[in-house]
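Residue strings, one per chain:
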Amino acid sequence: MKMLRSLLFVPGNRPNMLDKALGVRPDAYVPDLEDSVPDSEKDNARRVVASYLERLGTAGPAVIPRVNSLHSGLLDDDLAAVVGPNIHGLSIGKIETVDDVEQLCDRVAVLERKTGAEVGSIKLIPWIETALAMVHCYAICSASPRIIGVAFGAEDFTNDMGIERPEDDAELAFARNTVCIAARAAGVAALDTPYFQFRNEDGLRTSVRAGKAIGFKGKFAIHPAQIDGINRGFSPSESEVAYAQRVVAAFEQAERSGRGSTSLDGRVIDVPVVKRARSLLALARSLWD
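Procedures and definitions
- Residues numbered from 1 in each chain as written.
- Predicted model: local features only at pLDDT ≥ 70, side-chain atom pairs only at ≥ 80, totals over all residues.
- Heavy atoms only, no water.
- Phe/Tyr/Trp six-rings, centres within 6.5 Å; stacked < 30°, edge-to-face > 60°.
- Helix = DSSP H or I, 4+ residues; strand = E, 2+ residues; numbered from the N terminus.
- Buried < 20%, exposed > 50% of the residue type's maximum accessible area, 1.4 Å probe, protein only.
- Lys NZ or Arg CZ within 6 Å of the ring centre and 35° of its normal.
- 1 Å grid on protein atoms, 1.4 Å probe; cavity = no way out; pocket = protein on both sides within 12 Å on 5 of 7 lines; lining within 4 Å.
- Points joined across faces, edges and corners; volume = space filled by probe spheres on them.
- Salt bridge = Lys/Arg side-chain N within 4 Å of Asp/Glu carboxyl O.
- Axes fitted to C-alpha atoms, helices over the stretch in contact; angles between N-to-C directions.
- Left-handed = near helix turned anticlockwise from the far one by under 90°.
- Contact = heavy atoms within 4.5 Å.
- Nonpolar A, V, L, I, M, F, W, Y, C, P; charged D, E, K, R; others polar.
- Polar contact = N/O pair within 3.5 Å; in protein donor to acceptor, adjacent residues only side chain to side chain.
- Core = buried A, V, L, I, M, F, W, Y, C linked by side-chain atoms within 4.5 Å.
- Pairing = 2+ DSSP bridges.
- Right-handed = clockwise from strand over helix to strand, strands pointing away.

Asks: So what about the packing of aromatic side chains? Which residues, and what values?
Replies: Counted according to the given criterion, the structure contains four aromatic pairs. Plain terms: the ring middles of Phe-9 and Phe-220 are 5.1 Å apart, the flat faces sit at 25 degrees to each other, and that makes the pair stacked. Taken together, the residues span a long stretch of sequence, with Phe-9 in strand S1 (residues 6-11) and Phe-220 in strand S9 (residues 218-221) at a distance of 211 residues. For the pair shown, Phe-9 and Phe-220 are each scored as buried. An aromatic cluster of three or more residues is present, and its members are Phe-9, Trp-127 and Phe-220. Over the aromatic face of Tyr-52 sits the side chain of Arg-55, whose NZ or CZ is 4.1 Å from the ring centroid. Directly above the ring of Trp-127 sits Arg-66, whose terminal nitrogen or CZ lies 5.4 Å from the centroid.

Asks: Can you lay out the layout of surface pockets for me, pointing to particular residues and giving the numbers?
Replies: If you add up the space inside the largest pocket, you get close to 1,200 Å³. Taken together, 34 residues form the lining of the largest pocket, with Lys-212, Lys-217, Ser-279, Leu-280 and Leu-283 sitting closest to its centre. When contributions to the lining of the largest pocket are tallied by element, the ones reaching two or more residues are helix H8 (173-186), strand S8 (189-192), helix H9 (201-214), helix H11 (238-256), strand S11 (267-269) and helix H12 (271-288). No other element matches H12, which puts six residues into the lining of the largest pocket.

Asks: Go over the pattern of salt bridges, please, and point to the residues and values.
Replies: Should the charged atoms of two oppositely charged side chains come close, the side chains can pair. Under the counting rule described, the total for this entry stands at 17 salt bridges. With its nearest N and O atoms 2.8 Å apart, the salt bridge here joins Asp-27 to Arg-5. With Asp-27 in the loop between helix H1 (15-21) and strand S2 (28-32) and Arg-5 in the segment before S1, the pair connects residues that are 22 residues apart, well separated along the chain. Like Asp-27, the residue Arg-5 is buried in the burial classification. For Glu-155, the salt bridge identified is with Arg-165, shortest N-O distance 2.7 Å.

Asks: Mind laying out the packing of helix H3 (residues 75-82) against helix H4 (residues 98-115), listing which residues take part and the relevant values?
Replies: Their axes nearest at 10 Å, the elements H3 and H4 cross at an angle of 35 degrees. Where H3 crosses over H4, the two elements pack in a sense that is right-handed. Contacts between H3 and H4 involve Leu-75, Asp-76, Leu-79 and Ala-80 on the former and, on the latter, Leu-104, Arg-107, Val-108 and Leu-111. Classifying every residue of the contact of H3 with H4 gives six nonpolar, no polar and two charged.

Asks: A description of the environment of Gln-226 should follow, citing residues and the corresponding values.
Replies: Structurally, Gln-226 is set in the loop between S9 and helix H10 (227-233). Taking the relative accessible area as the measure of exposure, Gln-226 reaches 1% and is therefore buried. In this structure the C-alpha to C-alpha distance between Gln-226 and Pro-26, which are 200 residues apart in sequence, comes to 9.4 Å. At a separation of 2.8 Å, a polar atom in the side chain of Gln-226 contacts the main-chain amide nitrogen of Ile-222.

Asks: Provide a residue-level description of the nonpolar core, including the pertinent values.
Replies: The biggest cluster of nonpolar side chains holds 59 residues, and the ones touching the most others in it are Val-67, Leu-79, Val-82, Leu-90, Ile-128, Phe-152 and Val-179. Looking at which element gives the most residues to this core, the answer is helix H2 (residues 42-57), with six residues. Excluding its chain neighbours within four sequence positions, the residues that come into contact with Phe-152 are Trp-127, Ile-128, Met-134, Phe-157, Leu-172, Ala-175, Arg-176, Val-179, Leu-191, Asp-192, Thr-193 and Phe-216. Grouped together as the second largest cluster of nonpolar side chains are 13 residues, Val-30, Ala-151, Leu-191 and Phe-220 included.

Asks: Could you give an account of the pairing of strand S6 (residues 123-128), naming the residues involved and the relevant values?
Replies: Buried residues dominate S6, accounting for five of its six residues. Where strand S5 (residues 89-92) lies against S6, four bridges are found, and the strand directions are parallel. Considered in S6, the bridge of Gly-89 is made with Lys-123. Crossover handedness for the path S5 to H4 to S6: right-handed. Two strands pair when backbone bridges link them, and S6 and strand S7 (residues 149-152) are joined in this way by two bridges, in the parallel orientation. Pairing of Trp-127 across the sheet is with Ala-151, part of S7.

Asks: Any chance you could break down the pairing of S5 for me, citing the residues and the numbers?
Replies: Side chains Gly-89 and Ser-91 project from S5 onto one buried face, and the interleaved Leu-90 and Ile-92 project onto a second face that is buried too. Strand direction decides the pairing type here: strand S4 (residues 66-67) and S5, joined by two bridges, are parallel. Of the residues in S5, the one forming a bridge with Arg-66 is Ser-91. Between S4 and its parallel partner S5, the chain crosses via H3, and the hand of that crossover is right-handed.

Written out as structure tokens, the structure is:
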């Protein structure tokens, strides 16, 4: 699957918003059946999203609907509406244990067989958004080969903890780092919580920069206007690419001289530094190809 930098939420009961979504290009569409849909609209949202899946699936971005949690009583109807060959994966709220993942995988496999999708083809992005999920974070991240990423849900996490969500997310530092470290250890992508001030471009830029700095690889968007800013923030900049190229060139020159390290602009360049530079260049090539 392609890199997931920007994942656009679209309320599943709003055909007009789904129509608008077809005109933009995030890395993934996330037609939502969970929090953005009121209880009275859940059935309608399933019908609407099901009717859009083929169009979304041929538009280019990955299609990863968000479904309601295992314990909501709504999941089976959600899965029946969306599982099939037109989706790349599922995003699911409030996963807390490995058993939750296993139950979900079993249900998805049954529907894959029923709809003719290859068993195992539908990937998962669980939301880590409770204290219990945080304790089990690495186990969740590594619970199934279906899992390609995990999402941190700041609003539900602060609600579960009984704390206010601060403007600077200072009280969430441990939780955010935990998700990033666990995801990296499991070899999956850490995806950051949405930034809700969708008209505040500077605030979004700061939020993306802070997330990238600790290891998040992408972020959920709540408005199409956020897509470009998120994509730019999680992509290597021209200056980063240019510096990485200089790092690699300097290190390779040092190797030819029989040295295992060198310096560039007053900084030591050794094996970990050049590995990071080569990874950045590989990422840039994958986005430009």
